[in-house]
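These are the residues of each chain, in order.
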Amino acid sequence: MSYSDKVLDHYSNPRNVGSMDKSSADVGTGLVGAPECGDVMKLQIKVNRDTNVIEDAKFKTFGCGSAIASSSLATEWVKGKTVDEALSIKNMDIVKELSLPPVKIHCSVLAEDAIRAAIGDWKKKQQTAQPVTAEAK
Amino acid sequence: MANSFQTATSTPAQDVTQSCWSCGAMRTAYFCKACGKVQPATPVDYFTFFGLPRKLNVDLAALEKDFYLLSRKLHPDVVAQGSRMEQEWSLQQSSLLNDAYRTLKDPVRRTEYLLRIEGVELEEQSKAASDKARNTGEAKKQIVPPDLLEEVFELNMQLEELRMQKKMGEDDPALLEEIGKEKLKLEEKHEAHLRDLKAYWGNWDTLIEREQHGDAVSPEERRQARDKMVDLLNRRNYVRNLVRDVNEALEQ
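Draft legend 1. View of the environment of Gly 119 of chain B. All names here are of chain B. Mapped onto the fold, Gly 119 is located in the loop between helix H5 (107-117) and helix H6 (122-136). By relative accessible area, Gly 119 is classed as exposed at 56%. Sequence-wise, Gly 119 and Arg 226 are 107 residues apart; in three dimensions their C-alpha atoms are separated by 9.9 Å.

Structure, rendered in structure tokens:
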């Protein structure tokens with residue numbers, strides 16, 4: 001199977017690999033997996049509480065080149081967007097950008113799931129943890 | 001009454017009857033009952049082929065006996081003197097027989113096959129969950145439970161470290177021991193999943209038996225019994241792939 005140039009670029013030169021403090025109140029973590037292929041993807045976002053803008057994003061993916069490229073691209077795309085804007089990223093956008101073949105579409109689904117999971121985690125923290133962090137400050 | 005379901009699911013082989021091409025009498029799926037001549041293969045599922053209901057607890061000894069009996073009867077040599085059509089049909093049915101037996105004798109393949117003919121594709125489930133999450137704005141229900149995902153992620157981190165060390169020609173007995181322990185845990189989980197799967201068979205079989213006795217089974221009951229098995233198979237496959245990755249990393 002041959003990967004597109006864009007996939008190869010992200011694969012050999014992934015953006016934003018790494019991790020952030022999971023317990024931090026302004027960090028949202030999404031950990032998702034695809035049982036069909038055994039891939040596991042962790043995507044984290046750091047959100048500015050006043051503007052709801054995603055200021056930083058990191059990922060770590062264990063999986064095929066397409067999964068790595070999809071999550072790498074996802075971190076690039078969410079950065080600078082507000083949380084709500086980031087939610088509008090669809091897996092088919094990733095498919096188009098990376099020219100993923102049909103058998104690799106599930107990698108892009110995984111990346112979209114990871115974005116949603118990370119934002120969901122962050123939102124949950126804002127609802128529950130806000131009074132605590134407000135007191136701590 | 002879910003009458004359409006009943007006929008679709010609990011079809012014993014004798015229901016799939018047509019008249020024999022040779023003598024015109026009614027026949028079973030593979031041979032004419034009256035004159036015993038081999039018949040063209042009908043598009044039936046593997047359960048029907050063996051005259052079994054779509055139940056997951058299968059009498060393996062009886063299945064094997066049936067398989068050998070049919071193998072002999074369907075052997076192309078039997079019709080070596082027959083017409084070319086008969087030889088062709090015999091060959092078709094032999095190959096169907098082999099596929100059916102290989103699928104039904106294995107507990108996991110049998111379950112996966114049943115789910116497939118019941119309309120479930122394992123990957124589709126995941127896609128459906130993503131679509132639902134997108135439409136409702138809720139977080140997607142993860143097929144793989146979060147604690148298993150954490151475990152998978154951690155283990156992958158360790159494997160990555162192991163590969164790096166091997167590349168550098170280093171050796172870390174502590175890391176190897178940790179990975180070995182984790183692998184054992186996963187293998188136990190893999191076994192446990194098979195036991196759990198077999199436990200779910202009973203739920204499913206009860207529904208089929210109820211249908212056989214003329215009781216209505218709601219699509220919802222059916223779906224629930226099915227989805228439990230789908231979830232479990234997904235998790236089991238995940239663990240299996242992971243064990244494979246560990247083995248590869250250790251062997252490299």
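Anyway, onward from the coordinates.
Draft legend 2. Summary view of the confidence of the model for chain B. Residues and elements named next belong to chain B. The predicted model of chain B has a mean per-residue pLDDT of 81, with 79% of residues at 70 or higher. Mean pLDDT values over the elements of chain B span from 35, in helix H1 (residues 3-9), up to 93, in H5. This model gives residues 1-16 a pLDDT under 50, and the stretch forms 29 contacts once residues within four places in sequence are excluded.

Draft legend 3. Region of interest: the state of the cysteines. All names here are of chain A. Applying the stated rule across the entire model yields 0 disulfides over all chains. Sulfur of Cys 64: no disulfide; nearest cysteine sulfur belongs to Cys 107 and is 3.6 Å away. Exposure remark for Cys 64: the relative accessible area of 18% places this residue in the buried category. Taking relative accessible area as the criterion, Cys 107 reaches 0% and is therefore assigned buried.

Draft legend 4. View of the pattern of salt bridges. Using the criterion set out here, one finds 21 salt bridges over all chains in the structure. Across the salt bridge formed by Asp 56 of chain A and Lys 79 of chain A, the nearest N and O atoms sit 3.7 Å from each other. Pair noted here: Asp 56 of chain A is in strand S3 (residues 54-62) and Lys 79 of chain A is in the loop between helix H2 (65-78) and helix H3 (83-87), with a separation of 23 residues, a long-range link. One network of salt bridges, with partners in common, ties together Asp 45, Arg 54, Glu 118, Glu 211 and Arg 222 of chain B.

Draft legend 5. Molecular detail of the environment of Lys 189 of chain B. Residues and elements named next belong to chain B. When you line up the elements, Lys 189 lands in helix H8 (residues 173-212). Measuring from C-alpha to C-alpha, the distance between Lys 189 and Arg 235 comes to 9.7 Å, with 46 residues separating the pair along the chain. What Lys 189 contacts, discounting residues up to four positions off in sequence, is Leu 148, Glu 151 and Val 239. Within polar-contact distance, the side chain of Lys 189 engages the side chain of Glu 151 at 3.3 Å.

Draft legend 6. Quick look at the packing of helix H7 (residues 146-167) of chain B against helix H9 (residues 219-251) of chain B. Residue and element names in this part refer to chain B. Where H7 meets H9, the axes come as close as 10 Å, and the angle between the chain directions of the two elements is 15°. Considering their axes alone, H7 and H9 lie roughly parallel with respect to each other. The handedness of the crossing between H7 and H9 is left-handed. For the pair H7 and H9, contact is made by Leu 148, Leu 149, Val 152, Leu 155, Asn 156, Leu 159, Leu 162, Arg 163 and Lys 166 and by Arg 235, Tyr 238, Val 239, Leu 242, Asp 245, Val 246, Ala 249, Leu 250 and Glu 251, respectively. The residue inventory of the contact of H7 with H9, partitioned by class, reads 12 nonpolar, 1 polar and 5 charged.

Rules used in this analysis
Residues numbered from 1 in each chain as written. Chains lettered and ligands numbered in written order. Predicted model: local features only at pLDDT ≥ 70, side-chain atom pairs only at ≥ 80, totals over all residues. Heavy atoms only, no water. Helix = DSSP H or I, 4+ residues; strand = E, 2+ residues; numbered from the N terminus. Buried < 20%, exposed > 50% of the residue type's maximum accessible area, 1.4 Å probe, protein only. pLDDT = per-residue confidence, 0-100. Contact = heavy atoms within 4.5 Å. Disulfide = S-S within 2.5 Å. Salt bridge = Lys/Arg side-chain N within 4 Å of Asp/Glu carboxyl O. Polar contact = N/O pair within 3.5 Å; in protein donor to acceptor, adjacent residues only side chain to side chain. Axes fitted to C-alpha atoms, helices over the stretch in contact; angles between N-to-C directions. Parallel < 35°, antiparallel > 145°, perpendicular 65-115°, else oblique. Left-handed = near helix turned anticlockwise from the far one by under 90°. Nonpolar A, V, L, I, M, F, W, Y, C, P; charged D, E, K, R; others polar.

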